[in-house]
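What the coordinates show
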Amino acid sequence: MVYPIILFLHNALRWLVLGSLLAALFSSYSGWLSSRPYRPLDRAVSVLTTSLAHTQLLVGLYLYTISPIVSYYWTYKPGFGESTEFPFFGLIHGSLMFIAIVVMTVGASKAKRQTDHRQRFRTTAVYFTIGLLLIGLSIPWPFSPLASRPWIRGL
Ligand code: HEM
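Conventions we followed
Residues numbered from 1 in each chain as written. Predicted model: local features only at pLDDT ≥ 70, side-chain atom pairs only at ≥ 80, totals over all residues. Heavy atoms only, no water. Donors = N, O, S within 2.8 Å, 3.2 Å for Na, K, Ca; no water. Tetrahedral: all angles 85-135°; square planar, octahedral: opposite > 155°, others 65-115°. Helix = DSSP H or I, 4+ residues; strand = E, 2+ residues; numbered from the N terminus. Buried < 20%, exposed > 50% of the residue type's maximum accessible area, 1.4 Å probe, protein only. UniProt positions renumbered as here; feature names shortened; annotations may be inferred. Arc of directions from axis to C-beta. Contact = heavy atoms within 4.5 Å. Polar contact = N/O pair within 3.5 Å; in protein donor to acceptor, adjacent residues only side chain to side chain. Expected span 1.5 Å × (residues − 1). Lys, Arg positive; Asp, Glu negative; His and termini not counted. Salt bridge = Lys/Arg side-chain N within 4 Å of Asp/Glu carboxyl O. 1 Å grid on protein atoms, 1.4 Å probe; cavity = no way out; pocket = protein on both sides within 12 Å on 5 of 7 lines; lining within 4 Å. Points joined across faces, edges and corners; volume = space filled by probe spheres on them. Nonpolar A, V, L, I, M, F, W, Y, C, P; charged D, E, K, R; others polar.

Comments concerning the coordination of the iron atom of the ligand
- Within the protein, the iron atom of the ligand binds to His 10 (NE2) and His 93 (NE2); these donor distances fall in the range 2.0 Å.
- Coordination at the iron atom of the ligand comes from six donor atoms whose angles at the metal span 83 to 179°, giving a geometry best classed as octahedral. Placement of His 10 in helix α1 (residues 2–34) and of His 93 in helix α4 (residues 85–113) is noted, with a sequence separation of 83 residues between them. In this structure, His 10 and His 93 share a single accessibility class: buried.

The following block contains the structure:
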């Protein structure tokens, strides 16, 4: 069945998205604060981060179409009283993640057009920080009160 494979992929990709996002934030804040020149590696980390986020977006959209939790949500429209998981995955998770990825994409393309190196670091730092906050808040961490999912999922 394709569902467990996509769920596994979506779970694992979350770590790559978070890892690259933290690396991009490290490069942008350190560059901004030290006023060093913007190097090709800084651009590469930013491109890698947005590419991984776009891949996660596509996998997430596909998962949305096959998830039994989402289909239950749209069939019965349960409220938060029944289980917070249904409205969380039916509405909240995907919407906030989508907004986070749009914010990061806008930031990365804005930074690309800027010529001042410090400005470029600053733009990446600000937009990617907003992205990290939204993503961090929307992940169904094992300790999350809305929906709890494992740190790592086996196949
Ligand atoms: C950076 C973006 C995203 C991250 C980091 C992320 C992360 C996660 C994680 C960690 C899970 C739990 C997986 C598991 O049960 O092992 C999950 C579940 C899910 N995600 Fe995402 N997600 C992202 C974007 C999206 C988007 C854009 C959508 C759809 C519009 C989406 C739809 C779903 C659905 C439907 C589930 C639950 C599936 C189920 O249990 O049946 N995700 N996500």
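Some words on the UniProt feature "transmembrane region" (unreviewed entry) in the chain
- This chain's UniProt record puts "transmembrane region" (unreviewed entry) on residues 12–32, 44–66, 86–104 and 125–143.
- Helix makes up 100% of residues 44–66 and strand 0%, whereas the separation of the span's terminal C-alpha atoms amounts to 33 Å.
- Across residues 86–104 one finds 100% helix and 0% strand; the C-alpha atoms that close the span lie 27 Å apart.

Digging into helix α3 (residues 68–76)
- When α3 is considered as a whole, its buried residues turn out to be Ile 69, Val 70 and Tyr 73. Mapping the buried residues of α3 onto a view down its axis gives an arc of 100°, with all of them on the same face. Along α3, exposed side chains directed more than 90 degrees from the buried face belong to Thr 75 and Tyr 76.
- Summarising the contacts, the buried residues of α3 are in contact with α2 (40–66) and α4.
- Here α3 starts with a cap whose side-chain oxygen sits 3.2 Å from the backbone nitrogen of Ile 69, and that cap is Ser 67.
- Looking at the residues trailing α3, positive phi occurs at Lys 77, about 45°.

Quick look at α2
- Spanning 27 residues, α2 covers 39 Å between terminal C-alpha atoms, matching the ideal 39 Å at 1.5 Å per step.
- Restricting attention to buried positions, one finds in α2 the residues Asp 42, Val 45, Ser 46, Thr 49, Thr 50, Leu 52, Ala 53, Gln 56, Val 59 and Leu 63.
- On its buried face, α2 sits against α1, α4 and α5 (117–138).

Looking at the side chain of Arg 14
- Along the polypeptide, Arg 14 turns up in helix α1.
- Buried charge Arg 14 goes without a salt bridge, the closest partner of opposite sign being Glu 85 at 13 Å.
- Engagement of the side chain of Arg 14 in a polar contact is seen with the backbone oxygen of Pro 150, the distance being 3.1 Å.
- Looking at Arg 14, its side chain comes within polar contact range of the main-chain oxygen of Trp 151, at 2.8 Å.

Observations concerning the layout of surface pockets
- Of the voids in this model, the largest pocket is the one considered here, and its volume is about 730 Å³.
- Taken together, 31 residues line the largest pocket, and the ones lying closest to its centre are His 10, Gly 60, Leu 63, Phe 89 and His 93.
- Mapped onto the lining of the largest pocket, the elements with two or more residues apiece are α1, α2, α3 and α4.
- The element contributing the most residues to the lining of the largest pocket is α4, with nine residues.
- Class assignment of the residues belonging to the lining of the largest pocket gives a composition of 19 nonpolar, nine polar and three charged.

Remarks on empty space enclosed by the protein
- One pass over the full model with this rule turns up one cavity of 30 Å³ or more.
- Of the volumes computed, that of the largest cavity is approximately 30 Å³.
- Considering the residues around the largest cavity, the lining is formed by Ala 24, Ser 27, Ser 28, Tyr 38, Asp 42, Ser 46, Phe 121 and Thr 124.
- Listed by contribution, the elements that provide at least two residues to the lining of the largest cavity are α1, α2 and α5.
- Broken down by element, the residue count for the lining of the largest cavity peaks at three residues, all from α1.

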